[in-house]
Amino acid sequence: MSDLLILPIFPLPDVTFFPHTFLPLHIFETRYRAMITDALARDRRIAVVRLRPGYEARYEGKPEVFSIAGGGEIVNCERLASGRFNILVKGQWRVRIEGELPTDTLYRVARARRLEDAPAGDVTELVSRIRGTCKRLLEALERPVDVLDGALAAGQSAAAIADRVAAAFLPDPSLRQSLLETLDVGDRLRRVALALDDLANELTGGG
C-alpha cells in the first residue's frame, strides 16, 4: 500500500487530531459542508490540520497550517436539516503535507505522506507510570477511573496509549502539536508522562 495520500484538509484553530483517537466535529461552513459531501462520496478520508498562530488575519483565504496533521476516516455522519453535518472521524495516521493541489473546490486538497512511528523499545515502566498518573488525575477531578479500562487497557500499543492520553488529558495546543510531530514513541511517552506529572501536581497541589 502506498504511503502517499490525496486528502481534503480541514484547518482548525488549536485542534490536534491524533491517530488511535476519535474526533467529533460539527461542520457548518459552506465550503466544509461541500468537503464532507465529497469525502463521503469517495473514500471518507480527511485530514484535520492545525492552523498556525496568526490565522485570523486571513482566515477567509488560505491561512498557513502546520505541515504535520492527523488523517483519518469518517466513521459516522449525521446530516442535519440545516445542511450542516455532525461527523465522527477515526484517526488512522500521522501525515506530512507535501503540497496543496490546484482545485476548483472551495476547500483545500493536499498531497500527504503517511508517517511511521519509530520503535519504542521497552517502555513498560513508562506506560505503568502514565496509567497511574491518569488515575490520579481522574480521582482529583472526581471522574470515574473506569474510563481507563478501555482507552489504556492491557494490550494497547505504546503508540496508542501515548496518543490517547495526549488527546484526553493534555490541553496545551502547542504541546499537543509537538507530540503529534514526535515519531519516536519512547520519546513521545516520556514527554506525555512529564506533562501528566505537571498537570497532576498542579491539580493536587503536589510538589
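What counts, and at which threshold
Residues numbered from 1 in each chain as written. Predicted model: local features only at pLDDT ≥ 70, side-chain atom pairs only at ≥ 80, totals over all residues. Heavy atoms only, no water. Axes fitted to C-alpha atoms, helices over the stretch in contact; angles between N-to-C directions. Helix = DSSP H or I, 4+ residues; strand = E, 2+ residues; numbered from the N terminus. Left-handed = near helix turned anticlockwise from the far one by under 90°. Contact = heavy atoms within 4.5 Å. Nonpolar A, V, L, I, M, F, W, Y, C, P; charged D, E, K, R; others polar. Parallel < 35°, antiparallel > 145°, perpendicular 65-115°, else oblique. Buried < 20%, exposed > 50% of the residue type's maximum accessible area, 1.4 Å probe, protein only.

Trainee: Teacher, can you tell me more about the packing of helix α4 (residues 158-169) against helix α6 (residues 185-204) here?
Mentor: A pair of packed helices is characterised by two quantities: the angle between their axes and the separation of those axes. α6 packs onto α4 with a crossing angle of 35 degrees between their chain directions and a minimal axis gap of 9 Å. In terms of crossing hand, the pair formed by α4 and α6 is left-handed. Along its contact with α4, which presents Ala158, Ala159, Ile161, Ala162, Asp163, Val165, Ala166 and Phe169, the element α6 presents Val185, Arg188, Leu189, Val192, Leu196 and Leu199. Grouping the amino acids of the contact of α4 with α6 by side-chain chemistry returns 12 nonpolar, no polar and 2 charged.

Trainee: Can you walk me through the packing of helix α2 (residues 124-140) against α6 in this structure?
Mentor: Where α2 contacts α6, the two axes come as close as 9 Å, and the packing angle between them is 25 degrees. Compared by their axis directions, α2 and α6 come out roughly parallel. Of the two possible hands of crossing, α2 and α6 adopt the one that is left-handed. Among the residues forming the contact of α2 with α6, the class breakdown is 14 nonpolar, 4 polar and 4 charged.

Trainee: Just checking my understanding: could you explain the environment of Arg79 for this structure?
Mentor: Structurally, Arg79 is set in strand β4 (residues 68-79). For Arg79, a relative accessible area of 54% translates into the label exposed. C-alpha separation for the pair Arg79 and Phe22, spaced 57 residues apart in sequence, amounts to 18 Å.

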